[in-house]
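# Coordinate analysis (summary)
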Amino acid sequence: MDDLAAQEHDPAQLIDHLKLALTRPGARYGVLTEGLRDAIERGVLGPGDFLPAERELSEKLGLSRVTIRSAFKPLLSDGQLVQKRGLGTYVPRNRPRSIEKSLAFLNGFSEDIRNRGMEPSSKLVFKGVVLPQPDVAMALGVSFDTLVSCFRRIRYADNAIMAYELAYFPTSIINADNVSEGDSLYELLQAGGFRPVKAQQSLRAVNCTSELAGYLGVKEGDAVLDIERRSFDQEGAAMEFTRSYYRGDRYVFATEMRAE
């Protein structure tokens, strides 16, 4: 089906959704961007749906057309919206989707993506056996002069960039010289009988450097999720240290909380 073939949707519902979003504090263009993103995620705007024209949005939302255009820019940049001259702005059918990752399960990236009906892939930026930096040596519990396997990869879901990852392992668990492009490191761990049984993970928001932005396909200074993970075997020995930078617009981390 043509990507431009519009589906039926209720423009009034979209306007009501955006008016509600605009009651939140913050710069108007930024709040509108998030309101539009939420409308796409919730299906208020579906694949193939066209947005009202800038003039109509401006009149009905009480915003300038400059504000409307500024709100569109991040969504156009990350593929959530497409503009065609003479046709307008619409939601593409093949737009990159956000992935929700539960923090309750210890899975690898490839397993997470396949569980959501998508196809994982990786681009190997670097692999090798290296001397560890101090933080890596401490995380793995090895001396500074002990060689470890290092992998730097760009991670994809259905060919959309999701994350840039740096992963380190003792060479006794995974030897980088024996790993090929496209291999799942967690599947290699499992095949070798080294499947981790627990992990410690920390998350924080950071701003992209120019190098990191190039790997992730975002702008320098954009916020991303910086996630560190240490995984352990049944005896409590560290077997993996990973630092991953996830695109915040495409990956959502969720957990379940209960009252004591």
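Our subject is the structure listed above.
Values in this document were obtained by computation on a predicted structure and should not be read as measured data.

Calculation notes
- Residues numbered from 1 in each chain as written.
- Predicted model: local features only at pLDDT ≥ 70, side-chain atom pairs only at ≥ 80, totals over all residues.
- Heavy atoms only, no water.
- Buried < 20%, exposed > 50% of the residue type's maximum accessible area, 1.4 Å probe, protein only.
- Helix = DSSP H or I, 4+ residues; strand = E, 2+ residues; numbered from the N terminus.
- Arc of directions from axis to C-beta.
- Contact = heavy atoms within 4.5 Å.
- Axes fitted to C-alpha atoms, helices over the stretch in contact; angles between N-to-C directions.
- Parallel < 35°, antiparallel > 145°, perpendicular 65-115°, else oblique.
- Left-handed = near helix turned anticlockwise from the far one by under 90°.
- Salt bridge = Lys/Arg side-chain N within 4 Å of Asp/Glu carboxyl O.

With that out of the way, let us pick up helix 3 (residues 54–61). Since the α-helix packs 3.6 residues into each turn, any two residues three or four apart lie on the same face. Within the sequence span of helix 3, burial applies to E54, L57, S58 and L61. Buried residues in helix 3, looked at end-on, bunch into an arc of 100°, giving them a common side. Along helix 3, exposed side chains directed more than 90 degrees from the buried face belong to R55 and E59. Summarising the contacts, the buried residues of helix 3 are in contact with helix 1 (11–21), helix 2 (28–42), helix 4 (65–77) and strand 1 (82–84). Phi for G62, located one or two positions after helix 3, is positive at around 70°.

In contact at an axis separation of 9 Å, helix 1 and helix 2 are set at 135° when each is read in the N-to-C sense. It follows from the interaxial angle that helix 1 and helix 2 lie oblique. In this structure, helix 1 meets helix 2 at a crossing whose hand is right-handed. Residues L14, H17, L18 and A21 of helix 1 lie in contact with helix 2, whose contacting residues are V31, L32, G35, L36, D38, A39 and R42.

Across all of its chains, the model carries 10 salt bridges by this definition. We note a salt bridge from E34 to R37, for which the minimum N-O separation is 3.7 Å. Here the residue E34 and the residue R37 both occupy positions in helix 2, the gap between them amounting to 3 residues, near one helical turn. Put simply, D226 and R204 hold a salt bridge, and the shortest N to O gap is 3.0 Å. A residue pair is termed long-range when its members are at least 10 positions apart, and D226 in strand 8 (residues 223–232) and R204 in strand 7 (residues 198–207) qualify at 22 residues. Relative accessible area serves as the criterion here: at 2%, D226 is assigned to the buried category. Among the residues examined, R204 registers a relative accessible area of 49% and is labelled partly exposed. It is possible to trace a salt-bridge network through shared partners that takes in R204, D226, E228 and R243.

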